[in-house]
Amino acid sequence: MVVIGVLFLLSVITGFIIYRKAIWKTIRFKTVSRYRGKAAFYSSLHRNIGVWTLLFNLLIIASGLVLSITIAKNAIKTSGSKPSTSHQVDFSLDSIVERVTRSNPEFEVHLVRIPAYSHTVKISGRYKNDPAVYGDYASYFLINGLSKKTENKQVMSDLPLAEKLLLMAAPLHFGNYGGIFLKILYCFFGIVPAILSVTGFLIWRKRSRV
């Protein structure tokens, strides 16, 4: 996935270089699209689509590369590790969640997870006043299921900007920080790279025949 993301990034960069003089005109609707043959039509279509989706494509590429690199790093770290002996524990998840929400009334719980071979409960969610782009799982509490004590916690709004940007990569990439309209918009723009691939191939094919 990292390789594909890099290739996509190179495609956007080369497109920006080729059409850099037409970007401002295209945004202001100053370009005139006349049918002067298939090659000119494909080139015009490719340019217009590429310009209007440039920022979105860069957003998807950047966030996708961050996610891919993070996943690769985590896979390398855990590849040689072996799980410890399983613990037989008996505790109530409902009571733990209730304790967290009672002491943090602004915190919304979106995910409760018990890591394998552990008695620690990870309660992930978001604070009500946090921007939606933070996502639903960036803030969390690590609770010891036996002692009910908080072993660690992360509050998204308190993190440095660099860490916030890394954690926002997933919501920005998948578009799950908004409602159905945003998801439809992401779906529509998600089809654009396929269209650019087709129009780019047609441009190359026409020019290679000359």
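Analysis parameters
- Residues numbered from 1 in each chain as written.
- Predicted model: local features only at pLDDT ≥ 70, side-chain atom pairs only at ≥ 80, totals over all residues.
- Heavy atoms only, no water.
- Buried < 20%, exposed > 50% of the residue type's maximum accessible area, 1.4 Å probe, protein only.
- Pairing = 2+ DSSP bridges.
- Helix = DSSP H or I, 4+ residues; strand = E, 2+ residues; numbered from the N terminus.
- Axes fitted to C-alpha atoms, helices over the stretch in contact; angles between N-to-C directions.
- pLDDT = per-residue confidence, 0-100.
- Core = buried A, V, L, I, M, F, W, Y, C linked by side-chain atoms within 4.5 Å.
- Patch = residues over 30% accessible without salt bridge, like charges linked within 9 Å, V, L, I, M, F, W, Y side chains within 5 Å.
- Areas by Shrake-Rupley, 256 points an atom, 1.4 Å probe, with all protein chains shown as cover.
- Salt bridge = Lys/Arg side-chain N within 4 Å of Asp/Glu carboxyl O.

**Student:** Could you give an account of unusual backbone geometry, with specific residues and numbers?
**Tutor:** Its identity is not glycine, yet lysine 148 carries a phi of approximately 65 degrees, on the positive side. For lysine 148, a relative accessible area of 24% puts it in the partly exposed group.

**Student:** Explain the sheet that holds strand E2 (residues 120–127) residue by residue, including any values.
**Tutor:** One open sheet accounts for four strands, arranged E1-E2-E3-E4; its pairing is antiparallel. Two strands close off the open sheet at either side, each with one partner strand: strand E1 (107–113) and strand E4 (150–154). Neighbour to neighbour, the strand axes of the sheet diverge by 20 degrees on average, direction disregarded. Alignment of strand E3 (residues 139–144) against E4, held across four bridges, turns out to be antiparallel. Bridge pairing links tyrosine 140 to glutamine 154 in E4.

**Student:** Mind laying out the confidence of the model for the protein chain, listing which residues take part and the relevant values?
**Tutor:** Taken as a whole, the protein chain shows an average pLDDT of 82; of its residues, 87% reach a score of 70 or greater. Considering each helix and strand of the protein chain separately, the mean pLDDT is smallest for helix H2 (residues 23–27), with a value of 75, and largest for E3, with 94.

**Student:** Which residues make up the nonpolar core, and what are the values?
**Tutor:** Formed by Phe91, Ile96, Val97, Val100, Phe107, Val121, Ile123, Tyr127, Phe141, Ile143 and Val155, the largest nonpolar core amounts to eleven residues. Breaking this core down by element, the ones donating at least two residues are helix H5 (93–103), E2 and E3. The next biggest cluster of nonpolar side chains, apart from the first, holds eight residues, and it includes Ile49, Ile60, Leu182 and Val192.

**Student:** Tell me about a nonpolar patch on the surface, and name the residues and values.
**Tutor:** A grouping of Val2, Val3, Val6, Leu7, Leu10, Ile13, Phe16, Ile17 and Ile69 is seen on the molecular surface, where their side chains present a nonpolar patch of about 770 Å² in accessible area. When residues of the nonpolar patch are assigned to their parent elements, the largest contribution, eight residues, is made by helix H1 (residues 2–18). Within the fold, isoleucine 69 resides in helix H4 (residues 54–78). We classify isoleucine 69 as partly exposed; its relative accessible area is 40%.

**Student:** Run through the pattern of salt bridges, naming residues and quoting values.
**Tutor:** When the charged atoms of two side chains lie near each other, side chains of opposite charge can form a pair. Taken as a whole, this structure holds two salt bridges when the rule is applied. Close ionic contact of arginine 102 with glutamate 98 constitutes a salt bridge, the shortest N to O distance being 3.7 Å. With arginine 102 and glutamate 98 both in helix H5, this residue pair falls four residues apart, about one helical turn. According to the relative accessible area criterion, glutamate 98 is partly exposed, its value standing at 47%. Arginine 126 serves as the salt-bridge partner of glutamate 108, at 3.6 Å between the closest nitrogen and oxygen. Within this pair, whereas glutamate 108 is found in strand E1, its partner arginine 126 is found in strand E2, the two being separated by 18 residues in sequence. A residue is classified by how much of its surface remains accessible, and glutamate 108, at 26% relative accessible area, is partly exposed. Among the residues examined, arginine 126 registers a relative accessible area of 12% and is labelled buried.

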